[in-house]
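Close look at the chain arrangement
Here is what each chain is made of, one letter per residue.
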Amino acid sequence: MPLAVYILGLSVFALGTSEFMLSGLLPPLAADMDVSIPTAGLLISAFAIGMVVGAPLLAVATLRLPRRTTLIALISVFGLGQVAGALAPSYEVLFVSRVVSAFACAGFWAVGAAVAIAMVAPTARARAMAVMIGGLSIANVLGVPAGAFLGEHLGWRSAFWAVGAASAVALIGVATLIPRIPLPAEKPRLKRELAIYRDRQVWLSIAVTALAAGGVFCAFSYLAPLLTDVAGLDSGWVPTVLALFGIGALVGTALGGRYADAHLFTVLISGVTASTVLLVLLALTATQPVAVVVLTFLLGVSAFYTAPALNARMFNIAAAAPTLAGATTTAAFNLGNTGGPWLGGSVIDADLGFASTAWAGAAMTLVAIGLAALSLRFHRATGSRVVTGSAAVAAVDAAAAPATVPAYGTDGPDRKDGTDGVSARPADGRDLSARP
């Protein structure tokens, strides 16, 4: 795995910490800004919505720009957004800074994912995405609790300064270690890129991603009151259990990245199925503190076990439009991160109790399983992998690959084991299918 992919993972650590750290900063932030906690909570929704909208918009806007330059610009804007948040004199200014940061974050995710995919062979796509997603997992394990600690002892603004500093480190890494990715000989055309949205497999992938993510975060977003009000744990346990979820996410990402390249649909369907079972068990045992703690850890494993497969699947079916593929996956995850908590809040407002969020989440993941099975059925029936044709994909891959990485073709027939028929044959015709 190229060192540059790990630099992208480091950058994602800063992005993820900023995205999720507000959950531990709302009370002091609301008091300082003289707003209610629900109003302060809108900053979280604003970031998620900014990610949904910003990912495809920035992907289109930067389509013909050099990718390393685009990454440098986006991480710079993101870092400046953190500084603006730390200095914000009012809630309105802070709100705007969060939206701007979300746009830059979304754009970096989309372009960064495309760069990571371009630097590795097709048979290593899920592993490359696992490294990036691993940055998000570590953000949940270390970044978010550290932000809460800083907020409690040095004020909520110190957390924004810390993320700004992490962004500066990431900027140095991107500027010095990300290789120059040559632009395709033929400039990307927006019409051809948008052609991916004519494929039903793309829309199925969007739906599965949003429902799988939304189902888990439907329950996870309200885990703190579930732990204290239903399971009866002291509030001091909340950071520990949240960290356990993050550790589980890190374990799941490593496992999913290891196996998803060879068994994509198996990882995807088994992971979402596991999340469904765990959510049901969480709803049934919500009053048992030991069970809730263990299930939270396992839910982190199952949720992030599927993440590399969900990302790789989109790049496989939309290989001719890698930047839009990354943007679409980013938007899909954040649709889930927005819709899941909304559904959880709705069932709570209906006086169904905090445990009901797990039931609602299980309903979402159950639908995701059905759609994933439908996607697999279409995949086996049609054998169609690429929307715009293998020749276009080969041209894009060949032009985007750095000089030290062979350009891989897409001449392999689709397989029925979930590997998407990616050929392990470089452009010069050598067969590397037997290599370890």
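Rules used in this analysis
Residues numbered from 1 in each chain as written. Predicted model: local features only at pLDDT ≥ 70, side-chain atom pairs only at ≥ 80, totals over all residues. Heavy atoms only, no water. Core = buried A, V, L, I, M, F, W, Y, C linked by side-chain atoms within 4.5 Å. Buried < 20%, exposed > 50% of the residue type's maximum accessible area, 1.4 Å probe, protein only. Helix = DSSP H or I, 4+ residues; strand = E, 2+ residues; numbered from the N terminus. Contact = heavy atoms within 4.5 Å. Patch = residues over 30% accessible without salt bridge, like charges linked within 9 Å, V, L, I, M, F, W, Y side chains within 5 Å. Areas by Shrake-Rupley, 256 points an atom, 1.4 Å probe, with all protein chains shown as cover. Salt bridge = Lys/Arg side-chain N within 4 Å of Asp/Glu carboxyl O. pLDDT = per-residue confidence, 0-100. Expected span 1.5 Å × (residues − 1). Bend = angle between axes of the 7 residues up to and from the residue.

1. What to know about the nonpolar core
- By size, the foremost hydrophobic cluster in this structure holds 122 residues, and its most contacted members are Leu-8 and Trp-109.
- The element contributing the most residues to this core is helix H5 (residues 91-118), with 14 residues.
- When sequence neighbours within four positions are dropped, the list of residues in contact with Trp-109 reads Val-12, Leu-15, Met-51, Met-132, Ile-133, Leu-136 and Thr-330.

2. So, unusual backbone geometry
- Backbone geometry at Asp-34 places phi at a positive 60°, although glycine is not the residue there.
- With respect to the helices, strands and loops of the structure, Asp-34 is situated in the loop between helix H2 (26-33) and helix H3 (37-61).
- Look at Asp-34 and you get exposed, because its relative accessible area is 70%.
- In this structure, Asp-351 takes a positive phi of about 60° despite not being glycine.
- On the secondary structure map, Asp-351 appears in the loop between helix H15 (322-349) and helix H16 (356-382).

3. Section: the side chain of Ser-302
- Residue placement: Ser-302 occurs in helix H13 (residues 289-305).
- When its relative accessible area of 5% is taken as the criterion, Ser-302 is described as buried.
- Setting aside chain neighbours within four positions, we find Ser-302 in contact with Gly-271, Ala-274, Ser-275 and Leu-278.

4. Some words on a nonpolar patch on the surface
- The grouping of Met-1, Leu-3, Tyr-6 and Leu-177 at the surface amounts to a nonpolar patch, some 400 Å² of accessible area in total.
- Within the secondary structure layout, Leu-177 lies in helix H7 (residues 156-177).

5. Re the side chain of Ser-11
- Topologically, Ser-11 is positioned in helix H1 (residues 3-20).
- Each residue touching Ser-11, except ones within four places of it in the same chain, is listed here: Phe-108, Ala-170 and Val-174.

6. Considering the confidence of the model for the chain
- In the predicted model, the chain carries a mean pLDDT of 79, and the fraction of residues at 70 or more is 83%.
- Mean pLDDT values over the elements of the chain span from 38, in helix H17 (residues 390-400), up to 93, in helix H12 (residues 264-284).

7. A word on helix H6 (residues 125-154)
- End to end, H6 covers 41 Å across 30 residues, agreeing with the expected 44 Å (1.5 Å per residue, within 8%).
- Within H6, the axis deviates most sharply at Ala-139, by approximately 45°.
- Looking one or two residues beyond H6, the residue adopting positive phi is Gly-155, at roughly 95°.

8. Describing the environment of Thr-266
- Inspection of the secondary structure puts Thr-266 in helix H12.
- Sequence separation between Thr-266 and Thr-306 is 40 residues; the distance between their C-alpha atoms is 9.7 Å.

9. Points about H1
- In a regular helix each residue adds 1.5 Å, so 18 residues correspond to 26 Å; H1 covers 26 Å between its end C-alpha atoms and thus fits that length.
- For H1, the tally of buried residues reaches 14 of 18 residues, placing the bulk of the element in the interior.

10. Some remarks on the pattern of salt bridges
- The final tally for this structure, using the stated rule, is one salt bridge.
- Here Asp-32 and Arg-157 are joined by a salt bridge, their closest N and O atoms 3.3 Å apart. With Asp-32 in helix H2 and Arg-157 in helix H7, the pair connects residues that are 125 residues apart, well separated along the chain.

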